[in-house]
Amino acid sequence: MRRGAGVLAVAATCALLAGAAEPEKPLGFAFVNVARSAGLDAVTVFGGKDANRYLLETTGCGAAFFDYDGDGRLDAFLMNGTTLAGFPKGQEPTHHLYRNRGDGTFEDVTRKAGLAFGGWGQGVCAGDVDNDGDSDLYVTSFGQNRFFRNRGDGTFEDATRAAGLGGLGSGGATRWGTGCAMIDYDRDGRLDIFAANYIDLDLATAPTPDSGLCRYKGVKVACGPPGLKGGKNVLYRNKGDGTFADVSEASGITKAAGTYGLGAVTLDFDDDGWTDLYVANDSNPSTLYRNKHDGTFEDVGVRSGCAFSQDGKPQAGMGLAVGDYDHNGFQDIFKTNFAGDTSTLYANTGDGHCEDRTFMGGIGLNTRWLGWGTGFLDLDNDGWLDLFLVNGHVYPEVAQIPAEAAYAQRKVVYRNRGDGRFEDVTERLGPPATTPRPGRGAAFGDFDDDGDLDVLVNNVNDVPDLYRLDSTPGAHWVAFRLTGRVSNRSAIGARVRVTAGGVTRTDEVRGGGSYASQNDLRVYFGLGPAAGVDKVEVRWPNGRVEQWAGLPAGRIHALEEGKGLAP
Amino acid sequence: MIPWLLCALLAQAAAASPPPAPDPVPAALAAARAALDAGRPQDALQKLLALGHPEDPRVAHLRGVAEYRADDYAHAIERLTPLLGAFPAGSSEAREVEQVLGLSLYLANRIPEAIPHLEHTREWAADNMELAQVLGMAYVQTAQPDRARASLARTFGVPPDSAAAHLFAAQMMIRVERDAMADEELKRAIAKDPRLPHARYLRAQAALFRGRFDDAIALLKGELEVNPASAMALYLLGDAYVRQEKWGEAIAALQRSVWINPYFSGPYVLLGRAYSARGEPGTAEPMVRRAVEMDPNNRAAHYLLAQLLQQTGRAEEARREFETAARLQGP
């Protein structure tokens, strides 16, 4: 009797277990927002908090992870804005440079470094423009973009005028710089500067919400960009003597099919060894500038299938991520867009075309969020690139629309399943990924040198966030800090191919990226179970290819041009 | 004074003074009104400018009307606002001033200001369906769903508390993206008449737009129970399955949609996408080409055709189709 009862009990338990949902596999990673404890505490000011008169007040600011003092640790730079009313002299918000102390905290060194500038700041990009061994900064604004030359002693000088990089726009309109990227487009070993321009805006004549002409779901909101004059992108060629030449017209940069440029990033789309550029345009077809090897570019976005949605519609492009998510050796593009639309996943087929895999890749499920900064990063170091999206609505007035996602929005995190599809794991991550924040720019970089990429987010009218990524030990990783000698010293444009455990993965050193931001210039690879790297091949920006072999995993390796082996 | 004396005095005065110059205003107003009635507001405006007398309420009134007809709402508002009360109450001029002012304010997106004038106009034009439509939309835009529904019910000739009234109100709310308000109306419509066609379809459309594919599919299946021959419901069902990559289900729904209504290009585009995704480009291409033939300005069809051509290695044809799709975006 007792025995029989026991058998029944076991059978019932088995039946219950069989009927229960299979427990989900642990994600293998988690985020912790460490911004406050790390000392990142300056508010980014940007337009009105509850209502905006002009689109100018909506776009927010970018962020950068770069090593300004050459100590090998990533420092953080956060752009700042202002308000229409402005501030009394001496009280204007400024950009902020935070020095990484190496103990998980940062020190605000903005004034010491000579970077206490403000205005309607937008984008930032970094690279060693003068090849003197330290990273310089270029920042974009509504108004004057600025070039800050790194003196190498922990300070910067505003070299905008001296470098010939002045220019505010024409007529009554003011140029509105957004995403930017350092790029050595002519392979002369010197970094040139590309900047997207959103709108040539004249606040004196631009319509305001009071006109009643501009509504979002019935609510009066800031007008544009349709109806406002689109900006033209600019390219400055580094002449090598501390000055630049404006080659925007001569290089074909101004001949893009679309306008209203926001995010910008470098990539070698066709893998020909010459760096191309991709620009996310708002309400317009995106731009893919193919480098024609003769100092000129051609916008091949439309004809390559890399410009529209799957239905052939222009989208409100904001931020960009580039990476080889499907391991076919070519750089794919991911673009964030407006609410009510999906983000876009363009798979690079390797024959000069994009294949829209938004829905096939599992990205088409999310249409609620309005995306800005984004990046490909290997969250669990399993060797497959995942995705992180920063969101936030453009209009503070959406608070009046109950069914709409709010102004502050949660992140979206997609895990790459390795079979061509992504899975939204945001809810499984919980806070801080699910905590609503008014996000805009985001920089991706390994600030704590632990082998995974953390995310620095610049919020609107709020303090920044620093999402420290904690990956579960077990999976291996390797990273590379590249130094060019003949090529530009930052090695922007270099392609790195890593073979480990029989799998080859490809990535690049990129200028710009995300939304108006600069990511870590070091290149990171998750290796999964492979404890070492069989072969690393670097194609430097000048085309030279070198190899290294037998490098251990779990380290950041310094690779210098000319020190590797010929293939 | 006795009457015969008054008449005599008047006759004497008339004989003593020169004949008055004819008033040019009525004739010019008649000419301007004729130009307006003939659909030439600019012509009417020129005639009124040539006439002068801008301060004359009769001239200002017609100029305001002409400016409204010429889509110059700001000037129409400026012209007509001071004329409120300038004409006898109930006169045709007073009514036209108030009506055109209300419409101009509405079209200038000054909707809360427009509503009182449109409501006054409704008092003497209760059966005017255009007015009821504009007033209904004004109520929608100012988040007054019950008033909106009552006004729109007049437009569509249904009882204001009927399920149909809720449906029409929802449809008009969707047109101006008041999705949450529309969804409430649709729920009330279904509650009042569970077999009302089109209500679940509209809810499904919103669910699909929001990426709630399972909800959309459930609603569309419900729609097909009450409206089984709805080609649009089948098309939308196919769309939802395409987004879920359930190619077999998508093809079945879309094929049924095409059999019911072969004259709409939408299902052919999605059939092309579904067959392409299933690795059947040979079946996909004719579907998409048919969509292009039926609707040469269908951007999505050209774009999908370009993608198919690209996948099958016809790069030059693909480039042309991509460029056609881009051209169809407009300037």
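Rules and cut-offs
Residues numbered from 1 in each chain as written. Chains lettered and ligands numbered in written order. Predicted model: local features only at pLDDT ≥ 70, side-chain atom pairs only at ≥ 80, totals over all residues. Helix = DSSP H or I, 4+ residues; strand = E, 2+ residues; numbered from the N terminus. Rg over C-alpha atoms; globule rule 2.2 N^0.38 Å. Contact = placed C-beta atoms within 7 Å. Nonpolar A, V, L, I, M, F, W, Y, C, P; charged D, E, K, R; others polar. Buried ≥ 20, exposed ≤ 12 C-beta atoms within 10 Å, placed from the backbone. Pairing = 2+ DSSP bridges. Expected span 1.5 Å × (residues − 1). Axes fitted to C-alpha atoms, helices over the stretch in contact; angles between N-to-C directions. pLDDT = per-residue confidence, 0-100.

*Asks:* Help me understand the overall build of chain B in this model?
*Replies:* A tally of regular secondary structure across chain B gives 19 helices and 0 strands. Computed over C-alpha atoms, the radius of gyration of chain B comes to 30 Å, more than 25% over the 20 Å expected from 2.2 N^0.38 for 331 residues, which places it beyond the range of a compact globule.

*Asks:* What should I look at first to understand the interface of chain A and chain B in this one?
*Replies:* Accessible area lost on assembly of the parts is the figure often given for the size of an interface. Between chain A and chain B, the residue contacts involve 24 residues of the former and 28 residues of the latter. Of the residues that constitute the side of chain A that touches chain B, the class distribution is 11 nonpolar, 9 polar and 4 charged.

*Asks:* How should the pairing of strand E11 (residues 192-197) of chain A be read in this particular structure?
*Replies:* For a regular strand, the rule is simple: side chains alternate between the two faces of the sheet. Residue and element names in this part refer to chain A. Counting buried positions along E11 yields 6 of 6 residues, so the element is predominantly enclosed. The alternating pattern of E11 places Asp-192, Phe-194 and Ala-196 on one face and Ile-193, Ala-195 and Asn-197 on the opposite face, and all of these are buried. As judged from the 5 bridges shared by strand E10 (residues 177-183) and E11, these two strands associate in the antiparallel manner. Note that in E11 the partner of Met-182 across the bridge is Ile-193. Bridge analysis of E11 against strand E14 (residues 234-238) gives 3 bridges, and the strand direction is antiparallel. Looking across to E14, one finds that Ala-195 is bridged to Val-234.

*Asks:* Where do I start with helix H6 (residues 92-107) of chain B in this structure?
*Replies:* In an α-helix, one turn spans 3.6 residues; hence positions three or four apart end up facing the same way. All names here are of chain B. Across its 16 residues, H6 extends 22 Å between first and last C-alpha, which sits within 8% of the 22 Å expected from 1.5 Å per residue. Every buried residue belonging to H6 is among Val-97, Glu-98, Gln-99, Val-100, Leu-101, Gly-102, Leu-103, Ser-104, Leu-105 and Tyr-106, and all of these are buried. Positive backbone phi, approximately 65 degrees, marks Asn-109, located one or two places after H6.

*Asks:* What's the story with the sheet that holds strand E25 (residues 386-391) of chain A in this structure? I'm lost.
*Replies:* The strands making up a sheet associate through backbone hydrogen bonding, with each pair oriented either parallel or antiparallel. All names here are of chain A. Taken in spatial order, the 4 strands of this open sheet run E24-E25-E26-E27, and their pairing is antiparallel. At either margin of the open sheet sits one strand with a lone partner, and together these are strand E24 (371-377) and strand E27 (422-424). Direction aside, the axes of adjacent strands within the sheet are offset by 20 degrees on average. The sheet contact formed by E25 and strand E26 (residues 412-416) spans 3 bridges and is antiparallel. By the bridge assignment for E26, Leu-389 is matched with Val-412.

*Asks:* Would you take a moment to explain the confidence of the model for chain B for this structure?
*Replies:* Caution applies to low-pLDDT regions: their predicted coordinates should not be interpreted in detail. Here chain B averages 91 in pLDDT, while 94% of its residues score no lower than 70. Complex prediction metrics read pTM 0.83 and ipTM 0.73.

*Asks:* What is the right way to read the environment of A:Phe46 from this model?
*Replies:* Turning to its location among the elements, A:Phe46 is positioned in the loop between helix H2 (35-38) and strand E2 (63-66). Separated by 416 residues in the primary sequence, A:Phe46 and A:Asp462 have C-alpha atoms spaced 9.1 Å apart.

*Asks:* It is not clear to me how the sheet that holds strand E9 (residues 156-158) of chain A should be interpreted in this structure. Could you clarify?
*Replies:* All names here are of chain A. In spatial order, the strands read E6-E7-E8-E9; together these 4 strands make up an open sheet with antiparallel pairing. Two strands lie at the open edges of the sheet, namely strand E6 (120-127) and E9, each paired on one side alone. The sheet shows a mean angle of 25 degrees between the axes of neighbouring strands, taken without regard to direction.

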